[in-house]
Every structure is written in structure tokens, then in C-alpha cells.
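Per-entry structural report
Below, each chain spelled out in residue letters.
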Amino acid sequence: MGIVLLLLLLAADQFTKYLAWMNLAGTSGIRLIPGVFELYYVENRGAAFGMLNNCQVLFVVIAVIILAISVYTYIHLPESSHYHFLRIVCITIAAGASGNMIDRLARGYVTDFLYFSLIDFPVFNLADCYVCVGAGLAVLLLFTVYRTEDFAFLKIHSQ
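Summarised in this report is the structure supplied together with it. (Residues numbered from 1 in each chain as written. Predicted model: local features only at pLDDT ≥ 70, side-chain atom pairs only at ≥ 80, totals over all residues. Heavy atoms only, no water.)

Here the focus is the pairing of strand β3 (residues 110-115). Within a regular beta strand, the side chains point alternately toward one face of the sheet and then the other, so they alternate between its two faces. With respect to burial, β3 is a largely interior element, 6 of its 6 residues being buried. As paired strands, strand β2 (residues 37-44) and β3 are joined by 5 bridges and run antiparallel to one another. If you follow Glu-43 over to β3, its bridge partner there is Thr-111. (Buried < 20%, exposed > 50% of the residue type's maximum accessible area, 1.4 Å probe, protein only. Helix = DSSP H or I, 4+ residues; strand = E, 2+ residues; numbered from the N terminus. Pairing = 2+ DSSP bridges.)

See the structure below:
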């Protein structure tokens with residue numbers, strides 16, 4: 001089930017980036033809600049908000065680490081329904097890290113296209129949403145649902 005959700009999220013991310021490239025590249029964008037929300041094509045060669053421009057190798061390494069942690073945690077989560085939402089969080093974060101990593105490896109940049117002009121928020125994409133929402137949910141779950149002992153299964157036992 002997890003791999004299916006991961007593949008669906010990745011497909012949605014890559015498909016929307018393709019649509020952005022096909023329909024927005026070379027244009028001034030599309031105002032869906034004037035003064036609030038626009039579709040605007042950007043080739044982002046940096047990290048969040050364009051920071052650390054042209055450090056692709058660093059970003060790929062970070063994505064691989066995030067992906068590895070997400071997959072490791074997902075695989076080691078007990079089958080109990082108590083961990084259901086955490087499984088979804090792991091998948092969501094892994095899909096986001098993978099989606100932007102695919103862009104960096106295939107094109108050398110990440111395609112961004114969602115723009116909240118009302119607050120002049122930096123242009124972003126679905127993979128960015130997956131990582132941010134997943135991380136936010138992880139923090140919320142860690143503070144409200146899970147306890148330290150719920151993660152005893154992750155500890156490496158030395159003998």
C-alpha cells in the first residue's frame with residue numbers, strides 16, 4: 001500500500017511539473033485568483049526560496065538522506081494502527097524528497113509553479129508541499145500522539 005501511495009504522489013508531482021513546463025514556460029503566468037494565487041513557471045536551481053543557488057550535489061545528498069530516514073522509519077514501524085498516520089507522513093516526506101531529487105538529477109533544477117502573490121510567498125511545487133505538510137504533521141504527531149517509548153523500536157541495541 002505504501003509504495004502505491006508513494007508512486008501516486010510522485011506521479012502527481014511530476015505530472016504537474018510537466019504541465020507547468022508545457023503551459024507556463026515562456027509566459028507571464030496565469031492569474032487564477034488575481035492578487036492572491038497564480039501559476040508562474042520558475043526553474044529553481046537553489047534550495048527553499050532559491051537559497052544556495054547551484055548546489056545540486058548538496059541537495060541530492062540531502063534528499064537521499066531524507067529519503068533513507070523516511071524509508072528506514074517506515075519499514076521499522078510496527079504494524080499497529082497506532083502508527084498509521086506516521087506511515088503516511090513517512091510516505092509523504094519520501095515522495096517530496098524524491099520528486100525534487102528527480103528534477104535535480106534529470107534537469108539540473110526543480111520546476112516550481114505555485115505562487116501566492118497575496119503574501120509574495122516564494123514559488124513552490126507539489127513536492128515542496130509534501131515535505132512541508134509531512135514535516136508539519138510529524139511535529140504535530142510527535143507532540144500530541146506519540147511518546148518517547150513509542151519509538152523504542154528505532155533504537156539500535158548494542159551488546
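Another aspect to go through is the pattern of salt bridges. Scanning all chains against the criterion turns up 7 salt bridges. In this structure, Glu-149 engages Arg-147 in a salt bridge whose closest nitrogen and oxygen atoms are separated by 4.0 Å. (Salt bridge = Lys/Arg side-chain N within 4 Å of Asp/Glu carboxyl O.)

With that out of the way, let us pick up the sheet that holds β2. What the 3 strands build is an open sheet, ordered β1-β2-β3; its pairing is antiparallel. Strand pairing shows two members of the sheet lacking a second neighbour, β1 (30-33) and β3, which therefore form its edges. Sheet twist, expressed as the mean angle between neighbouring strand axes with direction ignored, is 30°. Pairing of β1 with β2 involves 3 bridges; the strand directions are antiparallel. Looking across to β2, one finds that Arg-31 is bridged to Glu-38. The sheet contacts of helix α3 (residues 84-107) involve β2 and β3, and relative to β3 the element is tilted by about 130°. (Axes fitted to C-alpha atoms, helices over the stretch in contact; angles between N-to-C directions. Contact = heavy atoms within 4.5 Å.)

Relative to the 34 Å expected for 24 residues at 1.5 Å per residue, α3 spans 35 Å between its end C-alpha atoms, a close match to the ideal helical length. The buried count for α3 comes to 17 of 24 residues, which makes it a mostly enclosed element. Immediately downstream of α3, the backbone of Gly-108 shows phi near 85°, a positive value. (Expected span 1.5 Å × (residues − 1).)

Any functional reading would require information beyond the geometric quantities listed.
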